[in-house]
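Read off the chains here:
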Amino acid sequence: MNGVLERTLGILELLSQHGEGMELAAVADQLNIPRSAVHRLLADLVRLGYVRQARGHGDYLLTTKLVSMGLSYLSNSGIVDIAQPLLNRLAELSGELVRLSVVDGERLTWVARAQGARQGLRYDPDMGSDARLSCSSSGWAWLSTLDDNAGMALVAKQGLGLPEQFGPAAPTTLQAVLDAVHTTRERGYSLTVDTYSLGLSAMSAPVRFAGQPAMGVITVAGPTVRFTVERMEALAPELLSIASQLAAASGASPFFQLTAETGASGDVKGRKPIYAV
């Protein structure tokens, strides 16, 4: 890594993956940055309130400042205000976890959720992480709204990941991903079983205007033992209806207004990431 900004962001991203904290030496080794430089950057991050140093063993951890910034942004963007009532309704109908992910440039990030399971097994992932496009139902749903070449370029850039990181049914080649995307496009929504994680089933529908790339994706996920293919297929009309309603309401969100083509005819222009506006 070269440059102060790139190194600083690299440290923040690495620490976000280690809630227990990391020693300075481990940070330096993983990012291939000199320890003296890491020490200076961590000192600045501590001074600015983004990182704290645990007492005793000296590990560095993120504070909640970045989380607060993210939540504040989502609140001001209008995404959650628009989506939450619809997510709650779908969660109540399905009895499973419902999530909304939004497209931001080349990323698909989970930003809101509603938990329908009241007892027994509950699938409840952390928000704010990016979906793995090659094996997640949300990834397939988004890719199904893109040109094949553009979609596979995104998958290739993100990578397929290692087989042991995902479920046993996860695609291991770009062609397998493309086949899954074609099936999703024909069906109108995605279905996955044991792809993202062993024992997890999920279905997703793109939030979009007709003929245009998705601006977001709604997903329902639950344990395979109860969220079977038959249950998912029965729930599909409700999922598609909620996705359509969210698309219709998206004009009230500044985020969606800036990152999506809202009903224009003709060729679809390239998507603009929110941070480039």
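For the structure, check the block above.
Residues numbered from 1 in each chain as written. Predicted model: local features only at pLDDT ≥ 70, side-chain atom pairs only at ≥ 80, totals over all residues. Heavy atoms only, no water.

Draft legend 1. Focus on the sheet that holds strand β7 (residues 216–223). Ordered in space as β4-β3-β7-β6-β5, the 5 strands form an open sheet in which the pairing is antiparallel. Strands at the two margins of the open sheet, each flanked by one partner only, are β4 (107–115) and β5 (190–193). On average, each strand axis in the sheet is tilted by 20° relative to the strand beside it, whichever way the strands run. In this structure, strand β6 (residues 200–207) lies alongside β7, joined through 8 bridges in antiparallel fashion. Across the sheet, Ser 201 pairs through a bridge with Gly 222, a residue of β7. Relative to β6, helix α9 (residues 229–249) is tilted by about 30°, and along the sheet it contacts β3 (97–104), β5, β6 and β7. (Pairing = 2+ DSSP bridges. Helix = DSSP H or I, 4+ residues; strand = E, 2+ residues; numbered from the N terminus. Axes fitted to C-alpha atoms, helices over the stretch in contact; angles between N-to-C directions. Contact = heavy atoms within 4.5 Å.)

Draft legend 2. Up close: the environment of Ala 248. For Ala 248, the position within the fold is in helix α9. Separated by 40 residues in the primary sequence, Ala 248 and Arg 208 have C-alpha atoms spaced 8.7 Å apart.

Draft legend 3. Examining the pairing of β6 more closely. In terms of burial, β6 is a largely internal element, 8 of the 8 residues being buried. As defined by bridge partners, β5 adjoins β6 across 4 bridges and the pair is classed as antiparallel. Within β6, the residue paired with Ser 190 across the bridge is Ser 204. Between β5 and β6, which pair antiparallel in sequence order, lie 6 residues; one of them, Asp 194, sits at a positive phi of approximately 60°. (Buried < 20%, exposed > 50% of the residue type's maximum accessible area, 1.4 Å probe, protein only.)

Draft legend 4. Structural view of the packing of aromatic side chains. Applying the stated criterion across every chain yields a total of 2 aromatic pairs. When the centroid spacing of 6.0 Å and the interplanar angle of 85° are considered together, the rings of Trp 110 and Tyr 196 count as edge-to-face. Residue Trp 110 is found in strand β4, and its partner Tyr 196 is found in the loop between β5 and β6; the two are separated by 86 residues along the sequence. Residue class for Tyr 196 comes out partly exposed when judged on its relative accessible area of 22%. For the pair Phe 166 and Tyr 196, a centre-to-centre distance of 6.1 Å together with 50° between the ring planes defines the contact as tilted. Of this pair, Phe 166 sits in the loop between α7 (148–158) and α8 (174–187) while Tyr 196 sits in the loop between β5 and β6, and the two are 30 residues apart along the sequence. A relative accessible area of 17% places Phe 166 in the buried class. Chaining the aromatic ring pairs together yields one cluster made of Trp 110, Phe 166 and Tyr 196. Across from the ring centre of Trp 110, 4.2 Å away, lies the NZ or CZ of Arg 99, which sits over that ring. (Phe/Tyr/Trp six-rings, centres within 6.5 Å; stacked < 30°, edge-to-face > 60°. Lys NZ or Arg CZ within 6 Å of the ring centre and 35° of its normal.)

Draft legend 5. A look at helix α1 (residues 4–16). End to end, α1 covers 18 Å across 13 residues, agreeing with the expected 18 Å (1.5 Å per residue, within 8%). Along α1, the residues that are buried comprise Arg 7, Thr 8, Gly 10, Ile 11, Leu 12, Leu 14 and Leu 15. (Expected span 1.5 Å × (residues − 1).)

Draft legend 6. Just the pattern of salt bridges, in detail. Following the criterion strictly, the structure yields 6 salt bridges and no others. One continuous salt-bridge network, built from bridges that share partners, spans Glu 96, Arg 226 and Arg 231. (Salt bridge = Lys/Arg side-chain N within 4 Å of Asp/Glu carboxyl O.)

Draft legend 7. Structural context of the nonpolar core. Among the nonpolar cores identified, the biggest contains 29 residues, and Leu 100, Met 203 and Ile 218 are the most heavily contacted of them. Listing elements by their share of this core, those giving two or more residues are α5 (79–94), β3, β4, β6, β7 and α9. The element contributing the most residues to this core is α9, with 8 residues. By size, the runner-up hydrophobic cluster in this structure holds 18 residues, among which are Leu 14, Leu 15, Ala 28 and Leu 41. (Core = buried A, V, L, I, M, F, W, Y, C linked by side-chain atoms within 4.5 Å.)

Draft legend 8. The arrangement of the side chain of Thr 184 in detail. Checked against the element boundaries, Thr 184 lands in helix α8. Residue Thr 184 is classed as buried on the basis of its relative accessible area of 2%. At 2.9 Å, the side chain of Thr 184 and the backbone oxygen of Ala 180 are in polar contact. Setting aside anything within four residues of it in sequence, one finds Thr 184 in contact with Trp 140, Ala 141, Ser 144, Tyr 189 and Ser 190. (Polar contact = N/O pair within 3.5 Å; in protein donor to acceptor, adjacent residues only side chain to side chain.)

Draft legend 9. Looking closely at helix α3 (residues 35–48). Given a rise of 1.5 Å per residue, 14 residues ought to cover 20 Å, and the 20 Å separating the end C-alpha atoms of α3 matches this to within 8%. Burial in α3 covers these residues: Ala 37, Val 38, Leu 41, Leu 42 and Leu 45. Take α3 and look down its axis: the buried residues cluster within an arc of 130°, on one side only. Summarising the geometry of α3, the exposed residues directed more than 90 degrees from the buried face are Arg 40 and Arg 47. On the buried face of α3, the contacting elements are α1, α2 (24–31), β1 (51–53) and β2 (60–62). (Arc of directions from axis to C-beta.)

Draft legend 10. Highlighting the packing of α1 against α3. Here α1 crosses α3 at 75°, and the two axes come no closer than 10 Å. Here α1 is positioned roughly perpendicular relative to α3, judged by the angle of their axes. For the pair α1 and α3, contact is made by Val 4, Arg 7, Thr 8, Ile 11, Leu 12 and Leu 15 and by Ala 37, Val 38, Leu 41, Leu 42 and Leu 45, respectively. (Parallel < 35°, antiparallel > 145°, perpendicular 65-115°, else oblique.)

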